[in-house]
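# Architecture at a glance
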Amino acid sequence: MPVRRPPLILAVSLVPVLALGMLGGCGQGAPEGPPPPSAESQAAIKDDGGAPRAALGRAIDGLFAEEVGRTQALVVMKRGSVIAERYAEGIKPGTPLHGWGMGQCVTALMIGQLVSDGRLRLAESAPVPAWQRPGDPRGEITLKQLLQMRSGLRHSETAPSATGGLARQSDRLRMLYLDGRDDMAAYAEAQPLEAPAGARFVSSAATSVILSDLAARVLSPDRHPDRRRKAVGEYLRNRVFAPVGMHSAVAGYDRAGTMVGAAMVHASARDWAKLGEFLRHTGSIKGAQILPRRWVQFMLEPSPRNPGYGAGVWLNRPKARSGASGEEVLFPGMAPSNVFACLGEYGQYVIGSPDQLLTVVRLGESDPQQERLVHDRLGKLLAMFPGGI
């Protein structure tokens, strides 16, 4: 009797079954690859800039995901050209967007021009009249110490309440919205010393308001609010915004005519990116030196009391923020050490990476937990480009 042989198809069909079993367990399919980027992010990419295109698209999707809050704008520039750009619904390339604390960088540039003009001096006592009385230790605070956030003045950016109520407000909140709002500089300059001048770093919105007041005193000795506002506005426009190309930029003022350099500067995402490019090129535009190179270098040098902060600009150095439980403000280990950023509350970023020839801008509205996701995803985006770590 002939031997019955199993159909050939059964023998062949065992091969893929065994292979699948070895890959992921019997009956399981092969692992799926990462999802493709959305159509919106694919359309946002004009040039991948050397990053894997699909990965860049997914990174853009991640920055517009619901879990990071509301991203209003993302702009990525490489070698001075926009290579990726995406906006939220209702936002256009020319829409002025709030920079919040990024205004500190604008204030530092304005002070730099006044120092360049010889109207303020970096190493001398800050010319605040209330500090010049005999025996007032605040008279030792220099302009340099103010710029590097080490004035020693009492200030709290945040002041959490155990009950969640309004029993204890931060100095920043009081200055911007409560008893200090009509004359923010008077509120900030009235604070006592909490540490010797120059001895301690404290991130302080009040410091930028003091710097704005010093600019107004130099440009308009007349204390009339309208004339102060006009003098500072014209100087800012002619010596900072127009040369940098930030034609959409607008600064806000309090009732005393002081520019709110800590929080009230609006500009389009493209114009914020021009600010990053300006710093990346150490104060030059198309080869023309707009601000002395040594001033921008000073802005990008570590403060003596915080290696992660320069002057109006955050730096990519370890342990940048005092008391942050090991968290870093920027991206040590993920991006080159000379990366810098202008930062604002609620997740505003203007990031410059000289080694990678990159500028990245993210503007939006995020709570503290969402801001952490924004931070991590921006770090991963930077790491995709050549020269990243």
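Since this is a predicted model, take the numbers as computed values, not measurements.

Definitions and limits used
- Residues numbered from 1 in each chain as written.
- Predicted model: local features only at pLDDT ≥ 70, side-chain atom pairs only at ≥ 80, totals over all residues.
- Heavy atoms only, no water.
- Helix = DSSP H or I, 4+ residues; strand = E, 2+ residues; numbered from the N terminus.
- Buried < 20%, exposed > 50% of the residue type's maximum accessible area, 1.4 Å probe, protein only.
- Areas by Shrake-Rupley, 256 points an atom, 1.4 Å probe, with all protein chains shown as cover.
- Polar contact = N/O pair within 3.5 Å; in protein donor to acceptor, adjacent residues only side chain to side chain.
- Contact = heavy atoms within 4.5 Å.
- Pairing = 2+ DSSP bridges.
- pLDDT = per-residue confidence, 0-100.

## Examining the overall build of the protein chain
Across its full length, the protein chain holds twelve helices and eleven strands. Sorting the 389 residues of the protein chain into buried and exposed places 50% on the buried side. As displayed, the protein chain has an accessible area near 18200 Å², and 55% of this comes from carbon and sulfur atoms.

## Quick word on the side chain of Thr207
Position of Thr207 among the secondary structure elements: in helix α8 (residues 205-219). A polar contact is formed between the side chain of Thr207 and the side chain of Ser204, at a distance of 3.1 Å. Not counting chain neighbours up to four residues away, the residues in contact with Thr207 comprise Leu146 and Met149.

## Regarding unusual backbone geometry
Even without being glycine, Met149 reaches a positive phi, approximately 60 degrees. Note that Met149 resides in the loop between α5 (143-147) and α6 (171-177). The backbone phi angle of Thr282 is positive, close to 45 degrees, even though this residue is not glycine. Looking at where Thr282 falls in the secondary structure, it is placed in the loop between α10 (269-280) and β6 (284-285).

## A word on the sheet that holds strand β5 (residues 265-267)
Taken in spatial order, the three strands of this open sheet run β3-β5-β4, and their pairing is antiparallel. Strands with a single pairing partner mark the edges of an open sheet, and in this sheet they are β3 (97-98) and β4 (250-251). Pairing of β4 with β5, which is carried by two bridges, proceeds in the antiparallel orientation. The residue of β5 that forms the bridge with Val250 is His266.

## Brief notes about the confidence of the model for the protein chain
Mean pLDDT for the protein chain: 89, with 87% of residues reaching 70 or above. Below pLDDT 50 for its whole length, residues 1-27 participates in four contacts with residues either more than four positions away or in separate chains. Below a pLDDT of 50 lies the segment residues 320-326, which in the model reaches seven contacts outside its immediate sequence neighbourhood of four places, other chains included.

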